[in-house]
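# Chain and residue survey
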Amino acid sequence: MGKTADLTVVQKTTIDTLHKEGKTQKVIAKEAGCSQSSVSKHINRKAKGRKRCGRKKCTSNRDNRTLERIVKQNPFKNVGEIHKEWTAAGVCASRTTAHRRLQDMGFSCRIPCVKPLLNNRQRQKRLAWAKDKKDWTAAESKVMFSDESTFCICIGNQGPRVWRKRGEAQNPRCLRSSVKFPQSVMVWGAMSSAGVGPLCFLRSKVNAAVYQDVLEHFMLPAADQLYGDAGFIFQQDSAPAHRAKATSTWFKDHGIPVLNWPANSPDLNPIENLWGIVKRKMRFARLNNAEELKATIRATWALITPEQCHRLIDSMPRRIAAVIQQSENPS
């Protein structure tokens, strides 16, 4: 009596026929003239479908777990570095195999998100704000979101990539710290669900006096453009110029309510996504000086549609829910 692979076509046909008739494996083995284990293996193989074709994988489950551990220890390594460490652990596989196994595990090589670090006090205030705003209403959608952003000539250089899985974009181990300064310009802008306001290019460091000038000559015209005679709420971050007493007095004198905002929370501000859209569209622009940079920013900003702004502001309930969820399930 041979192994399963030694079964003849007649034996296989006999096994299939008797199995369909409901005979026991012991009876089938006697009739087919083979071992009962051969009958069992043949029936199970037929039940599972076609036998797996192709070359056997050169790595074991243990090898794959070693690879996943290497990536999780330092997700900012490139494939070459990961492969080198993997082979040093005793695995005999090519660089292409390492790349393929990473993809099989669900890892993708992506540009890391940048997120400021928060201390415990800031985390608590951020969570309290999110819980207070968890029922984001239509009235609160009448918010004018504002922010400053820096644009660099070398805008396409986004640094090293990171290996991460779907849903890990904001995982602390997959974030990189932000670094400032080559030749650049700083821009102030504002948006609402009705569209974007005019840009202001800042020539000097933003103190309270400079910021109030921006509010007077750019924010107020933007409010007239976006809201007309309707009321609105103004959003700003916690920069020193924004929190200055003189600035608070300016808002009171003009009767403009200001939305309370948690510190170090750019991920909650939809305008950050607009800056990202503009920078991505400018990624391949060949710019020689600051004036060309400004002209390109203006032209790209003008392409932002009210529909884009409306979708981003509609995402506020999801952003708030993510803060609450993150506090309940910290990474």
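For the structure, check the block above.
Below: a short report on this structure.

Cut-offs applied
- Residues numbered from 1 in each chain as written.
- Predicted model: local features only at pLDDT ≥ 70, side-chain atom pairs only at ≥ 80, totals over all residues.
- Heavy atoms only, no water.
- Core = buried A, V, L, I, M, F, W, Y, C linked by side-chain atoms within 4.5 Å.
- Buried < 20%, exposed > 50% of the residue type's maximum accessible area, 1.4 Å probe, protein only.
- Helix = DSSP H or I, 4+ residues; strand = E, 2+ residues; numbered from the N terminus.
- Contact = heavy atoms within 4.5 Å.
- Expected span 1.5 Å × (residues − 1).
- Arc of directions from axis to C-beta.
- Phe/Tyr/Trp six-rings, centres within 6.5 Å; stacked < 30°, edge-to-face > 60°.
- Lys NZ or Arg CZ within 6 Å of the ring centre and 35° of its normal.

### A look at the nonpolar core
- Within the largest apolar cluster, 34 residues are counted, with the highest numbers of intra-cluster contacts made by Phe 145, Phe 151, Val 187, Met 191, Leu 274, Ile 297 and Trp 301.
- At the level of elements, helix H7 (120-132), strand S2 (143-152), strand S4 (184-192), helix H11 (271-281), helix H12 (290-301), helix H13 (306-314) and helix H14 (316-328) are the ones that each hand at least two residues to this core.
- Considering every element that reaches this core, the biggest residue donor is H11, with five residues.
- Once residues lying within four places of it in the same chain are set aside, the contact partners of Met 191 are Val 143, Met 144, Phe 145, Val 196, Leu 226, Pro 270, Ile 271, Leu 274, Cys 309, Leu 312 and Ile 313.
- Membership of the second largest hydrophobic core comes to 19 residues, among which are Ala 190, Met 219, Leu 226 and Phe 251.

### Observations concerning helix H4 (residues 61-73)
- Under the 1.5 Å per step criterion, the end-to-end length of H4 is 18 Å for 13 residues, consistent within 8% with the ideal 18 Å.
- Of the residues making up H4, those classed as buried are Asp 63, Asn 64, Thr 66, Leu 67, Ile 70 and Val 71. Down the axis of H4, the buried side of the element spans an arc of 155 degrees, and every buried residue falls inside it. The exposed residues of H4 that point more than 90 degrees off its buried face are Asn 61, Arg 62, Arg 65 and Gln 73.

### Description of the packing of aromatic side chains
- Taken as a whole and assessed by the stated rule, the structure comprises seven aromatic pairs.
- A centroid spacing of 5.8 Å and a plane angle of 80 degrees characterise the contact between Phe 151 and Trp 275, whose relative ring orientation is edge-to-face. With Phe 151 in strand S2 and Trp 275 in helix H11, this residue pair connects regions lying 124 residues apart in the sequence.
- Taking 5.0 Å as the distance between ring centres and 25 degrees as the angle between the ring planes, the aromatic pair formed by Trp 275 and Trp 301 counts as stacked. With Trp 275 in helix H11 and Trp 301 in helix H12, this residue pair connects regions lying 26 residues apart in the sequence. Taken as a pair, Trp 275 and Trp 301 share a single burial class, namely buried.
- A network of ring pairs unites the aromatic residues Trp 129, Phe 145 and Trp 261 as a single cluster.
- Positioned above the aromatic ring of Phe 107 is the side chain of Lys 165, whose terminal nitrogen or guanidinium carbon lies 4.9 Å from the ring centre.

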